[in-house]
Every structure is written in C-alpha cells, then in structure tokens.
Amino acid sequence: GTALRLRGTYLSPAFRGVLEQERARLLGDADSDADGFAERQAEAMANTHEVVFTAESDIESNTKFGDHDGAWRIRLVADGVEQPLLTVHRVRRPNSLQEALFAHKNLWNELWVARFDATVSQPTTLEFHVGSGYGSGSLQWSSTGIR
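In this report, the structure presented in the accompanying data block is examined. What you are looking at is a predicted structure, and each value in this text was computed from that prediction instead of being measured. Throughout, residues of each chain are indexed from 1 in the direction in which the sequence is written. In view of the model being predicted, local features appear only for residues whose pLDDT reaches at least 70, and side-chain atom pairs are presented and counted only at 80 or more, with totals across whole chains, interfaces and linings using the full set of residues. For the side-chain quantities, the full set of heavy atoms in the structure was used; hydrogens and water were omitted.

**Thoughts on the overall build of the protein**
A run of DSSP states H or I qualifies as a helix once it reaches four residues; a run of E qualifies as a strand once it reaches two. Both are numbered from the N-terminal end. Within the protein, the regular secondary structure consists of three helices and nine strands. Starting at the N terminus, the α and β elements of the protein follow one another as β-α-α-β-β-β-β-β-α-β-β-β. Here the globule rule is a power law, 2.2 Å times the number of residues to the power 0.38, and the radius of gyration is based on C-alpha atoms. A globule of 147 residues ought to have a C-alpha radius of gyration of about 15 Å, and the protein, at 16 Å, matches this closely. With the C-alpha coordinates of the protein rotated into their principal frame, the extents come out at 45 × 35 × 25 Å. Counting across all 147 residues of the protein, residues that qualify as buried make up 39%. Residue contacts are counted whenever heavy atoms from the two residues lie within 4.5 Å of one another. Counting only contacts in the protein whose residues sit at least 6 apart along the sequence, the fraction spanning at least 24 positions is 70%. For the protein, the accessible area works out to roughly 8,600 Å², and carbon and sulfur atoms hold 46% of it. Charged residues are defined here as Lys and Arg on the positive side and Asp and Glu on the negative side; His and the ends of the chain fall outside this count. Charged groups are reduced to one reference atom each: NZ for lysine, CZ for arginine, CG for aspartic acid, CD for glutamic acid. Once the 15 positive and 20 negative side-chain charges of the protein are each reduced to a mean point, those two points are 4 Å apart. Summary of the burial criterion: residues with accessible area below 20% of their type's maximum are buried, those above 50% are exposed, and those between are partly exposed, where the area comes from a 1.4 Å probe applied to protein chains only. Reported accessibility uses the Shrake-Rupley method at a 1.4 Å probe radius. Residues are deemed covered only where the shown protein chains occlude them.

**Some words on the nonpolar core**
Grouped burial of nonpolar side chains is what soluble globular proteins tend to show. One finds L4, L6, V51, F53, F65, I74 and F128 to be the most contacted residues of the largest nonpolar core, which totals 20 residues. Listed by contribution, the elements that provide at least two residues to this core are β1 (5–10), β2 (48–56), β4 (72–78), β7 (110–117) and β8 (125–132). In terms of residue count, β4 provides more of this core than any other element does, four residues in total. If near-sequence neighbours (up to four positions away) are discounted, L4 is found in contact with A55, E56, S57, T63, F65, W72 and V130. Only buried Ala, Val, Leu, Ile, Met, Phe, Trp, Tyr and Cys residues count toward a nonpolar core, and they belong to the same one when joined by side-chain atoms within 4.5 Å. Counting residues in hydrophobic clusters, the runner-up holds 10 residues, among them L19, V91, L97 and V113.

**Quick word on the side chain of T48**
Take T48: it is sitting in strand β2. Here T48 falls in the buried class, since its relative accessible area comes to 14%. The contacts of T48, once residues within four sequence positions are left out, are L86, F116 and A118.

**A short note on the environment of R23**
Mapped onto the fold, R23 is located in helix α1 (residues 13–27). R23 sits 71 residues away from P94 along the chain, and the two C-alpha atoms are 14 Å apart.

**Some remarks on the packing of α1 against helix α2 (residues 34–47)**
To get an axis, fit a line to the C-alpha atoms, keeping to the stretch in contact for a helix; angles then go from 0 to 180 degrees between the N-to-C directions. Here α1 crosses α2 at 170 degrees, and the two axes come no closer than 11 Å. Classed by the angle they form, the pair α1 and α2 counts as roughly antiparallel. When α1 is examined against α2, the residues P13, R16, L19, E20 and R23 are found in contact with a partner set consisting of A34, F37, A38, Q41, A44 and M45. For classification, angles of less than 35 degrees are called roughly parallel, those exceeding 145 degrees roughly antiparallel, those between 65 and 115 degrees roughly perpendicular, and all remaining angles oblique.

What follows is the structure in structure tokens.
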C-alpha cells in the first residue's frame, strides 16, 4: 500500500484574502470575529509561512509530523533557504469552515497546520518536503512572486 497520501494548501497572501472573503460569505451576519480574524491573518502573513495539509496513511501507527525522529519529518524551503519549523499540530475537530475551505479534507484523512518562520518573506518558489523511513515526497508552489 501507499505509506502516506498528503495534499496541502500554502496560505499565501492572495489565498488569505480569498479566505477572509469566503469566511465572511459563509458566516454572514453570524461573524462576530471578522476584525480579529483579519488581524490574525495579517500577523501570520508578516511572520510565518503556513501550510494546511491533510494526511492519511495505511501504516498502523499514529501518524505524526515534525522535525524529530519518530515522525514524518517536514521541511519548507523558500527560494532555496530552509525555513525553521515553529509548530505543527493536528486539527482534532475541524470546524465547518475548515471543512468548506480545504477541499482536500475528507472522512479518511486528518487536517494539520504547519507554521514556519518566514526568513524569506516573499518567495517565488516554495517546497514542502515530507519524509521518513517509509519514503519521501514534496509539494511545490511556484510563481513570479507568491502573493
């Protein structure tokens, strides 16, 4: 079987703008935290690179991610420079908004969020690498300026 199936979304500044609009559309008048959400998005954009990803595995063990042994190691490289991993966590109970915004989330996988220190603030290429003793792979985003 396949050791790991992983799909991801890089939260670029352009994507975050669409995310805010879609959040407002989905929540409508019930959105009492729109200003707080916008502030958190702006702060995150200024300081971090975030990748929201889903993962599923046929290996019968707890699937973990990080930069330590015993986990699927994850790395983010921006324009050839490795970005330090700050946090990675599993979203234990995705809310309806997360289910709607991240189309790669389904019944068979788990939603994760990885945050990296943005030492390269406006990269043109990003590579998200994942690997373990079972194998490795990468997701890549490229443009003339990821905005």
